[in-house]
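What the coordinates show
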Amino acid sequence: MANNPPITTVRTSHAITIKTQSGITIGLIKQWNPVQNRDVNPVYEINQMTSGDPIENIPGNMRNLTIRVQRYDLYNKPMETAFGTANLIFLSDQNTPFQVQEIWRFPDGSAEAWQYTGCWFNNIGKNYQSDDQRMVLVDAGLVYVRRQLVQG
């Protein structure tokens, strides 16, 4: 757990901890990449006296609330088990959603925690290579329903 993040104005990965819904630190995460998307559609004025350029943008609904995660695999705790699900032979073996917390600790001793609820794996795969450090890296995608501040 990141107890003493570096004293800097730039956020660093030293200050973040990812935990399961039961409060267990997942660990060995190489990459954590939450993403939100929404369409923003231009509105055009149809009038022979104007240029036909857009006059404003209208934001749409959020969609594709996803997290890309890469984690080193362990013999005793594979990626999907670390996130609190059973060993997934097929993605369809996951039958309940889970929650994940992202905890940021700041140099002044304060912290904030974000909770991702309704998480489902939407892809998962393992990467084996013989020309690198030879560690098994699991690459997965999570889809979540909501991100909310629970501390801070």
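Located above this text is the structure these notes cover.
Keep in mind it's a predicted model, so treat the numbers as computed, not measured. (Residues numbered from 1 in each chain as written. Predicted model: local features only at pLDDT ≥ 70, side-chain atom pairs only at ≥ 80, totals over all residues. Heavy atoms only, no water.)

Attention shifts here to the packing of aromatic side chains. This model, assessed by the stated rule, comprises five aromatic pairs. For the ring pair W32 and Y116, a centre distance of 6.1 Å and an interplane angle of 75° mean the geometry is edge-to-face. Here W32, found in strand 2 (residues 29–44), pairs with Y116, found in strand 5 (residues 111–127); they are 84 residues apart in sequence, far enough to count as distant. Y116 carries the same exposure label as W32, and that label is buried. Given a relative accessible area of 0%, Y116 falls into the buried group. Within the aromatic cluster, the residues linked to one another by ring pairs are W32, Y116 and Y144. (Phe/Tyr/Trp six-rings, centres within 6.5 Å; stacked < 30°, edge-to-face > 60°. Helix = DSSP H or I, 4+ residues; strand = E, 2+ residues; numbered from the N terminus. Buried < 20%, exposed > 50% of the residue type's maximum accessible area, 1.4 Å probe, protein only.)

Throughout the structure, instances matching the rule amount to four salt bridges. Of the charged contacts in the structure, one is a salt bridge between R63 and D39, with a shortest N-O distance of 2.8 Å. Remark: D39 occurs in strand 2 and R63 occurs in strand 3 (residues 54–72); sequence separation between them is 24 residues. R63 sits in the partly exposed class, given a relative accessible area of 37%. (Salt bridge = Lys/Arg side-chain N within 4 Å of Asp/Glu carboxyl O.)

Attention now moves to the side chain of T85. Structurally, T85 can be placed in the loop between helix 1 (79–82) and strand 4 (98–105). Judged by relative accessible area, which is 12%, T85 ranks as buried. Only 2.6 Å separates the side chain of T85 from the backbone oxygen of E80, close enough to count as a polar contact. The residues touching T85, leaving out its near neighbours within four places in the chain, are E80, Q94, F98 and F121. (Polar contact = N/O pair within 3.5 Å; in protein donor to acceptor, adjacent residues only side chain to side chain. Contact = heavy atoms within 4.5 Å.)

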